[in-house]
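So you can see what is in the structure, the chains are spelled out below.
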Amino acid sequence: MAEKQRIVIVGSSIAGVSAAEGARKQDAEADILLLSQEPFLPYYRLRICEVLDHPETAPQLTLHPPEWYDDLRLRRLQGTVTGVEPAASRVRLADGTCQEYSSLVICTGSQSFVPPIPGIQRPGVHTLWLMQNALELAKVIARSRSIIVIGGGLLGLEAAYHARRAGLQTTIIEKAPLLLANQLDEAGSALFCRRVQSLGIRVETGADILAVTGRDDAPESPARGVRLADGRCLEADMILVSIGVKANMGFLEGSGIRTERRILTDTCMQTNVPGIYAAGDVAQPDGYWFGLWPVSRQQGLVAGSNAAGGKAEFAMNIPPYMINTMETRVAVQGDKGLSEAPGYSLDISLDEERGHYRKLVYRNGILSGFMLVGDTSEFVKLQQAMGKPTASLVGA
Ligand SMILES: Cc1cc2nc3c(=O)[nH]c(=O)nc-3n(C[C@H](O)[C@H](O)[C@H](O)COP(=O)(O)OP(=O)(O)OC[C@H]3O[C@@H](n4cnc5c(N)ncnc54)[C@H](O)[C@@H]3O)c2cc1C
């Protein structure tokens, strides 16, 4: 009888759990081990901001109950991987033990990126990526009166929204001239920004932070606020840094696994080392990176299935951008219509009072992109019409 495969998965968030699912579907007998650094059952990371003003809801964010793992015969073990030794087919853990594998899936995701701004290491400056961060932040929020959120991307916006709901004076500082500058055009962003401000949140766009200031000059004194390049100083009891993420892959040093900013894989999610796969935020298949939950799930399923002997491939479709924050919604896909190239036409409507913005972009009469703020009820219809002529939308 052939020996059982031993599939070890490092990291058990959405990519890791999906890899385990994919592996089990492919091989009913394999021994599948999910290694997790976090002391919690895997949870919906994208919802952790809810914990900031309602810490008691943390258990409701669990992805699956313990029985789900038992039913799929997935073993879970808490531990931090500190090294990968392909020659010995094993990973090393921080407690000095090793786990052997016949194939390995690396799903170690991201951590918050902290820019090298003077004073950023002061106490009172926080980041938010893990449940543990959210629970700690909830306590700090409960005893604070004001917060500065550095970074106006999705995570920063969500955190700011929940801090405001907890009653804090909230300021978002964004370096770009617009909020959601990568997703929206000027009109859409301005409307969204007014929505944020209507909730009592102060927004500073185009603002460059020179330093995090302290209660006194000592570098270890608690953060008091930030100094901006235009000379202004803004004060707050606490600061949240949310300007992006970097991959968790320091433990790969010396393993021979090829990395750039992330782990390089092919579209089967295999690294340059046979039998070692990567998926989710830590992976970069064919040079692409999305940093999105559904993409991590898809890649995890593919990597897990292939680690168990399957032949799955990750389809590189650029997903739509959909967010539901600040009591409004934003849906964006494809071309933003910023160019005035020949053949372009735009269909734009703005309803300032209701906070609705709708922009359709056509190239040579074919729908090549759309942008919806406020009312996203047309999302599915527009998605289906992408790549089709204008007529496909008429009367739909
Ligand atoms: C507040 C917030 C809101 C978000 N909102 C959205 C959204 O609306 N839509 C969307 O698509 N995406 C959103 N995202 C992004 C989405 O959550 C990520 O793309 C997704 O979680 C990536 O999943 P992953 O499994 O690759 O990695 P991660 O979720 O980062 O998990 C990696 C896991 O690996 C563990 N790990 C790391 N190193 C080791 C090690 N050495 N040993 C053992 N374990 C290790 C970590 O502790 C962690 O548990 C949001 C993220 C956050 C934080």
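Residue numbers run consecutively from 1 along every chain, following the written order of its sequence. Per-residue local features are limited, in this predicted model, to residues with pLDDT of at least 70; the limit for side-chain atom pairs, both in listing and counting, is 80 or more; totals at the level of whole chains, interfaces and linings are taken over all residues. Side-chain metrics in this entry use all non-hydrogen atoms of the structure; hydrogen atoms and water are not considered.

Novice: When you look at the site of the ligand in this model, what are you seeing that I'm missing?
Specialist: Near residues are defined by distance, with any heavy atom within 4 Å of the molecule or strand qualifying the residue. Looking at the ligand, there are 30 residues lining it, with S13, E38, R45, D281 and W293 nearest. Counting of polar contacts relies on pairs of N or O atoms within 3.5 Å, with two restrictions inside protein: one atom must be capable of donating a hydrogen and the other of accepting it, and residues adjacent in sequence are counted only when both atoms are side-chain atoms. At a separation of 2.8 Å, an oxygen atom of the ligand approaches a polar backbone atom of D281. All accessible-area figures derive from a Shrake-Rupley calculation using a 1.4 Å probe, and residue coverage is judged against the displayed protein chains alone. Across the complex, the protein chains shield 93% of the 1000 Å² of accessible surface that the ligand would expose by itself. Counting from the N terminus, the helices are DSSP H or I runs at least four residues long and the strands are E runs at least two residues long. Those elements that place two or more of their residues in the shell around the ligand are helix 1 (14–26), helix 5 (154–165) and helix 7 (293–307). Top element by residues in the shell around the ligand is helix 7. It accounts for 3 residues. Of the residues assigned to the shell around the ligand, the class counts are 15 nonpolar, 12 polar and 3 charged. Polar here means any residue outside two lists: the nonpolar Ala, Val, Leu, Ile, Met, Phe, Trp, Tyr, Cys and Pro, and the charged Asp, Glu, Lys and Arg; Gly therefore counts as polar.

Novice: How should I be thinking about the domain arrangement of the chain in this particular structure?
Specialist: Size of an interface: often given as the accessible area lost when the parts come together. An automatic or database domain assignment supplies the start and end points of every domain. Taken domain by domain, the chain comprises domain 1 (6–110 + 246–307), domain 2 (125–241) and domain 3 (327–393). Taken over C-alpha atoms, the centre of domain 1 sits 31 Å from the centre of domain 2. Whether two residues are in contact is decided by their heavy atoms: any pair within 4.5 Å suffices. The interface is formed by 16 residues belonging to domain 1 together with 16 residues belonging to domain 2. When the two sides are added together, the surface that domain 1 and domain 2 hide from each other amounts to roughly 1500 Å², 74% of it contributed by carbon and sulfur. Once two parts are brought into contact, the accessible area they lose, counted with a 1.4 Å probe and summed over both, makes up the buried area. Of all residues in domain 1, C49, L52 and D53 give up the largest surface area on contact with domain 2, accounting jointly for 39% of the area buried on that side. Any Lys or Arg side-chain nitrogen located within 4 Å of an Asp or Glu carboxyl oxygen qualifies as a salt bridge. Where domain 1 packs against domain 2, one counts 1 salt bridge. A salt bridge links R165 to D53; the shortest N-O distance between them is 3.1 Å. Where domain 1 packs against domain 2, one counts 6 residue pairs in polar contact (both at pLDDT 80 or more).

Novice: Even after reading the chapter, I still don't get helix 7, so can you show me in this structure?
Specialist: Along an α-helix, residues three or four apart share an orientation, since each turn contains 3.6 residues. Given the number of residues in a helix, its expected span is that number minus one, multiplied by 1.5 Å. In a regular helix each residue adds 1.5 Å, so 15 residues correspond to 21 Å; helix 7 covers 21 Å between its end C-alpha atoms and thus fits that length. Residue exposure (1.4 Å probe, protein chains only): buried if accessible area is under 20% of the type maximum, exposed if over 50%, otherwise partly exposed. Counting buried positions along helix 7 gives 12 out of 15 residues, so the element sits mostly inside the fold. Buried residues of helix 7: W293, V295, S296, Q299, G300, L301, V302, A303, G304, S305, N306 and A307, and no others. Where helix 7 terminates, the next one or two residues include G309, which has phi positive at roughly 105°.

Novice: Would you mind going over the nonpolar core with me for this structure?
Specialist: Soluble globular proteins tend to bury their nonpolar side chains together. Ranked by internal contacts, the top residues of the largest apolar core, which has 50 residues, are I9, V84, V91, L104, V105 and I106. Per-element accounting of this core gives the leading share, 6 residues, to helix 1. The contacts of V84, once residues within four sequence positions are left out, are R90, V91, Y101, L104, F251, L252, S255, I257 and I276. In terms of nonpolar packing, the next biggest core, distinct from the first, is built from 42 residues, C49, C193, I201 and M371 among them. We call a set of buried Ala, Val, Leu, Ile, Met, Phe, Trp, Tyr and Cys residues a nonpolar core when their side-chain atoms join them within 4.5 Å.

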